[in-house]
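Architecture and fold: a report
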Amino acid sequence: MASQPQKILFISQPCQFPDPPEGQEDAPKPIVIALAWHQKFPQIAVSTSDGQVNVFLDEGERQDVSLKRDAIGSALSWHPLEKVLVTGWGDGKISVWNEAEKKITEPSSSVHEGNFTFIRWTEAGERMILGDEKGTVSVWFFGKGSVGYICKYQKEGVPHTQLIFRTKGRGPAREVNFYFGGEKGNLYAADDGGICRKSFSLGEFASVLAMFYWKERDSVIVITKTSFLFKFGFSPEDKIEQQKKVKVSAQADGSIVDTFLRTQWIGNGLVLTATNENLFRLWNLNTDESHSIRLPSESDTVCAIAYNGLKSSVAVATTEGKIYFWQIIHDEIESTSSVKLLPNVAEVNQGPANLEWGPSPTLLSVQMDTNAILFNETALQQKMYANVAAIQIAADKIYIERPKMDPFLLQTGITIKQLAMHGDYVAISNGKKVEVYEVKDASKSHIVSSFKAGGVAMGLHSETIFIGLPLRVEMCNFAGTCKQTLVFSETEGDPLFIHTQGNFIAVVTNRNFLKCWDLSRREARQHGTGHKFDEVGMKGIGVITMVRINGKGTHVALLTSVAGKGGVRNPSTCLYTYDVDRDVVVMQDFTPNQPCNISWDNIEPRLLVMEAVTPETGQPRPLDVVKAPVETPDGETPPAVEDPVLAEINGPVSTLIGTQAYALLVSSEIDKIVVQDSFPLPPNCQSVQGSHVPFFYMLSYRLPTDDDPKARLMELKVMRDFIGLENTDENTREAMLNFSFHLSVGNMDEAFKAVRLIQMPNVWESMALMCIKTGRADVAELCLANMNNARGIRALRDARKEPEQAARLAIVAIELGMLEEAEKMYTACGRFDKLNELFQARGEWQKALQCAQKQDRIHLRTTHHLYAKYLESLGDINGAIAQYEQSETHRWEVPRMLFQREKFEQLEKYIESKKDKKLTEWWARYCESQGDFEGALDYYNAAEDWLSIVRVHTYQGHLEDARDVAVKNQDAAASYHLARHYEGEEDIKEAIQFYSRARCFNHGIRLAMDSDMDAEVFSLAIQASQRLMVEAARYFEEKVQPEKAVMLYHKGGSITRAIEICFASQMYNQLGSITDDLPEDTDPKLLAKCIEFFTSRQQYDKVVNLLITGRQIQKALEAAYKHKVLITEDMAERLTPPATGTNEDDPMRVAILKAIAKVCKKQGSYHLATKKYTQAKDKVKAMKSLLRSADVEKIIFFANVSRQRELFIMAANFLQSLDWRTHPEIMKHIIDMYRKAKAPESLSLFYEACAGAEIDEFKNYEKALGALKESAKYMNAAKVPTKDNKLRELQKKLTYIESFVDARRLLAEDPEQGLGVCQRLLEVPESEEVVRKGDVYSLLVEFYYSQQNYEAALAVIERMRQKKIKIYFFIQKPVVQYIYKVMNQKFDDDDDGVEAADDD
């Protein structure tokens, strides 16, 4: 018997080679030399050592063709598009087999000698390239089913083993289109026109192992047998250039590997490599990183690898005969997490020589020594009809399970690829043959019929079999006779999926077209109009992968797949339902879950059951390893043997721990899919097979064994709404279904109608539970009333005080015993405090602590404390101590607990071990209560409780010891206790001293006053609070000590009284410092008196300050200005009336601000003046003040913040006064501000000034020309009266400068015309205003100098001297000297001309 079922099964089929000739049965079997899959069709060619080449189909069936020669077929290759096989033989000959024409041809051209090393086709198949072991590479064309020789290249005489085509950008003009290399490590570039050249040499010992073409980068990747990887690019001249060289393999211990290197190109810069190690590597050439992926078995090593681009998976064969599969999750490998190990493992009897994927993603060939094994990956089939299940558990075994009957095993005669079930019949197909079985019970199960029939899909209804064929579905009876044909047009496509339920059938084509038929009559009638589903776009759903129609034919459910990275299709997270009657599609997204299976209920057509998984977080179940057939000595092939795979193999699989089952409600009454219930799949179940009210049917991992051959595989789970009602009658069941549906969609009237006649209390209880789960508290109250459950109704009413609906329902759920639901509700609404209380009430303290730790941290300490109380009640003292410590209540709870239990020794040890001051202090008090004063003092000292130590010493009469402790540790409480003791003993001096140490100055001052100790009163009062200072000041005032009274009144805040005493006692020296602290509410008479006093003494700064205090703003400003008292920023703020939001525009406040600003401006405080003008909202005057400060940075900032046109212009005009010519950032600010001010006339004038600066300082007429053009552009946009005149003036300047610039250019291109332009510039007097004549003369001298016409250059210089132009300002001195030297003329440096005031 098989061990455990799996959803994916590898069906292994050995290639059926022809029997050996008679008399040679015992001869050794021939060895497999090479094999090749066709890229489009499921057929494979295999070459063996006996000189034969056979062709097989995907199930190992040999086709009626056999190529045989005396030589070995060393290389095989199929044409990429047509069924044409080319074989390269060991004698250098090639043969071409054309399946369409059923003939074999051999070209007559003798080009090669010896074994072939490769045969490669271009993508379209128009060219074929062959290479042999003698170093010959030949090019052939293909046409009309045959090949023809074009040219050949003979290089080196050693094997060329690798060839790649360069396809990116290839066109008619490209010469080189393929590259090849071999044993000597040389790379050659060639084309199909006879041109071949050596492109690169890797080194004499760097034999080429593999070559790949990286199309995205137009690069060539070469891997050598010495484990080096080279990357080559192409120059603009199409020459190959090395870009990278790295070592690609190393042992796990770091040593270099140089043997048994196997490579695969994955694409987009990813290379797969393997050696004889326990791992393989993925190299990412984009990031220059490699990732090692180890085999599950540590003792195993890799012997072959193959990459499947159709589904991004890697097959890895090992020396122990196992074949593992990994899925590549992303396009670019970022880490080993991007590669997931799949659980489906195939097994053969030894390490394969080679692996190769077929044209479909499910076909894999394994090359063994004497055979080739074809693995066909297929999904295990499971079907349900009503409550009968048919479960495939092996390639040719079906397990039939019925309720109330023993299950039994059905052995089929063919491999099962398709399965259909209806009533007592099961139909199976392998894609070529159909078998029908009757499966009433084990004794009556037998084959009914079998017939040949192809097709990719199959369905069964009554005694009619539906077979999907191209553009049609044939309805056949059990004899295979077609009774009716359901036709599809070419636009609709070929049938791909068929599903029947009730009297309806749904068919989906490969073009995403859905059609339905009604089967209730003699002939099938189309049901609905059919629907075409878009794959992409706004309404695209992807490619349909599963279709299910309900029993009434009203709705069709669909699952789809969508394109992911790298073109790999992934299951969609959406479920789609199609309303057949209304032609409406409804979608529900279950992200992140991916729906993987759906089925309609067999009774209720509105109930849809769905299974969904979360691939990233799930873990695999234990699955099977499928072993390939092992040949026995007698030549027979035993059936496949299954062995379990270890559960720790990781990777995404179809059944995950995170698998969730959903019960969904679908109806035409609502345009949405309603989630009626959901639950995680039990750990012992792998999938949901369907439902039959009131049960869900789930497939378990259990399998029949020899000990239990009649084990039941199906697990039944009662639907949530039918718990306790499994055996109710049909009417009650129907009423419950209707109630559940209407309750879920919110139709309360219909829900009440459905159940109004039900009288059974257990039904009402079930409905109450249902209402709690669906969140309908109002309906739950009605159900509880019908149950006569007064306690539940009270709980429901008491719960209304909770703000969250879910929390209210959770309280009622607890009353009804639905503790798990209550837990979910509290979690959903975030009431983790209530969830914590629920766990505590249930005694689940670990869950409570975990909840408090993660979500309810505010109650974490409380939870630990309550848990400690619980442990204490159980007598778990140590556990309680640990929890009390976690709650931080151990300082009083642990002593209480141990003291109550009279565990004094344990308590003492606990306290001593903790070294905690609070605990130590507790034990010290205990010792003191027991009369152990010495022990108490020791523990008080350890707890640093100085007050208690002083208290004990004073009690014992040890005052000196108490005094020493208080003084040494400076403890206020101890000092206060000792002071009280001294006061009681009438030792006033000591009492005052310790009151002072305790900072209890009121007691010290009280004692000092009573004892007339004035010095002590003053020293204590000066340290005390203001209230005590004022009391002490009154004391000294009464005792006629004004100096002390004034000081204490001042420090105590009674400044007015202090000033009055100063005037009364003529203490004028103290007035200066006291008046600075006068508040604004000071008596005006007192202020006037102080002002008069300081005026008489010419202390005007004091006068201004007092005027400000008295809010005499105008007088304060006049005094400050008149007597030159500088207004500080603090004074300015005190002068400014506070802004309240309503008085900001008050004229009085504005006038004061302007007055302050004016005085500050006159005093030179420009920044302060700017601030006050800004507060007065006079930004123009603020800017003028800021301009006076010449602070460039603040001027620019203020202009940009204010964003007023006038301010921008003022700032820009100021910046023009700076050295903007040598500071480009200032120039940018000027231009920016003029633009922001929208002042084109000013910007035009500035650009004109820039042009002049470029000419005068840098002689750069080109930049000047550009600046003048900008000036003209902005002047044209200006609106000024002189605009036209200014434009004419600018145009004239532009003409002259353009002439000069053209002259410079023409002197290089057309000298004669250039000289003419220069001459005209010199002749026009007006040009001097723009183009300096010295620059024109300089240009002429430079030209003549470059032409070595020194005579003409000298003549120009002489003209400059005549016109008194400063020569060295325009012409370099060495040039002038050289010209005079060549012309044998003497030039006087002192007579180099002077700048003419005006030119003639």
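Along each chain, the written sequence defines residue order, and numbers are assigned to residues from 1. For a predicted model such as this one, the threshold for reporting local features is a pLDDT of at least 70, and the threshold for listing and counting side-chain atom pairs is 80 or more; totals across whole chains, interfaces and linings nevertheless cover every residue. Where side-chain values are given, they derive from all heavy atoms of the structure, hydrogens and water being excluded.

1. Considerations on the sheet that holds strand β25 (residues 289-294)
At least two DSSP bridges between two strands are required for those strands to pair. Secondary structure counts use DSSP, requiring at least four H or I residues in a row for a helix and at least two E residues in a row for a strand, with both numbered from the N terminus. With respect to topology, 4 strands assemble into an open sheet ordered β22-β23-β24-β25, the strand pairing being antiparallel. Looking along the sheet, the strands with just one partner apiece sit at the ends: β22 (262-267) and β25. Each strand axis lies, on average, 20° off the axis of its neighbour in the sheet, ignoring direction. In the sheet, strand β23 (residues 270-274) pairs with strand β24 (residues 279-284) via 5 bridges, with the strands oriented antiparallel. Of the residues in β24, the one forming a bridge with Leu270 is Asn284. Helix axes are fitted to C-alpha atoms over the stretch in contact, other axes to C-alpha atoms as well, and angles between N-to-C directions run from 0 to 180 degrees.

2. Some points on a positive patch on the surface
Surface patches are drawn from residues lacking salt bridges whose relative accessible area is over 30%; two like charges belong together within 9 Å, two nonpolar side chains (Val, Leu, Ile, Met, Phe, Trp, Tyr) within 5 Å. The protein chains shown are the only cover counted for residues, whose accessible areas, like all others here, come from Shrake-Rupley with a 1.4 Å probe. By definition, a salt bridge exists where a carboxyl oxygen of Asp or Glu is found within 4 Å of a side-chain nitrogen of Lys or Arg. Charge assignment: positive for Lys and Arg, negative for Asp and Glu; neither His nor the chain ends contribute. Charged side chains are reduced to one point each, which is NZ for Lys, CZ for Arg, CG for Asp and CD for Glu. Together, Lys1158, Lys1162, Lys1181 and Lys1184 line one region of the surface with positive charge. For Lys1158, the position within the fold is in helix α30 (residues 1147-1162). Classification of residues uses two cut-offs on accessible area relative to the type maximum, computed with a 1.4 Å probe and protein chains only: under 20% is buried, over 50% is exposed, and between them is partly exposed. A relative accessible area of 47% places Lys1158 in the partly exposed class.

3. Focus: the pairing of strand β59 (residues 660-665)
Here is the key point about a regular strand: its side chains alternate between the two faces of the sheet. Along β59, 6 of the 6 residues are buried, which leaves the element largely enclosed by surrounding structure. Alternating positions in β59 separate into two faces, Gln660, Tyr662 and Leu664 on one and Ala661, Ala663 and Leu665 on the other, with burial throughout. Pairing geometry for strand β56 (residues 607-613) and β59, over 6 bridges, is antiparallel. The residue of β59 that forms the bridge with Leu607 is Leu665. In terms of strand pairing, β59 meets strand β60 (residues 674-680) through 6 bridges, oriented antiparallel. Counted as the bridge partner of Ala661 is Phe679 from β60.

4. Quick look at the confidence of the model for the chain
This prediction gives the chain a mean pLDDT of 82; 87% of its residues lie at or above 70. By definition, pLDDT measures how confident the predictor is in each residue, and it falls between 0 and 100. By definition in these notes, contact holds between two residues if any of their heavy atoms fall within 4.5 Å. Note on residues 252-258: pLDDT is under 50 here. Beyond four places in sequence and across chains, it has 16 contacts.

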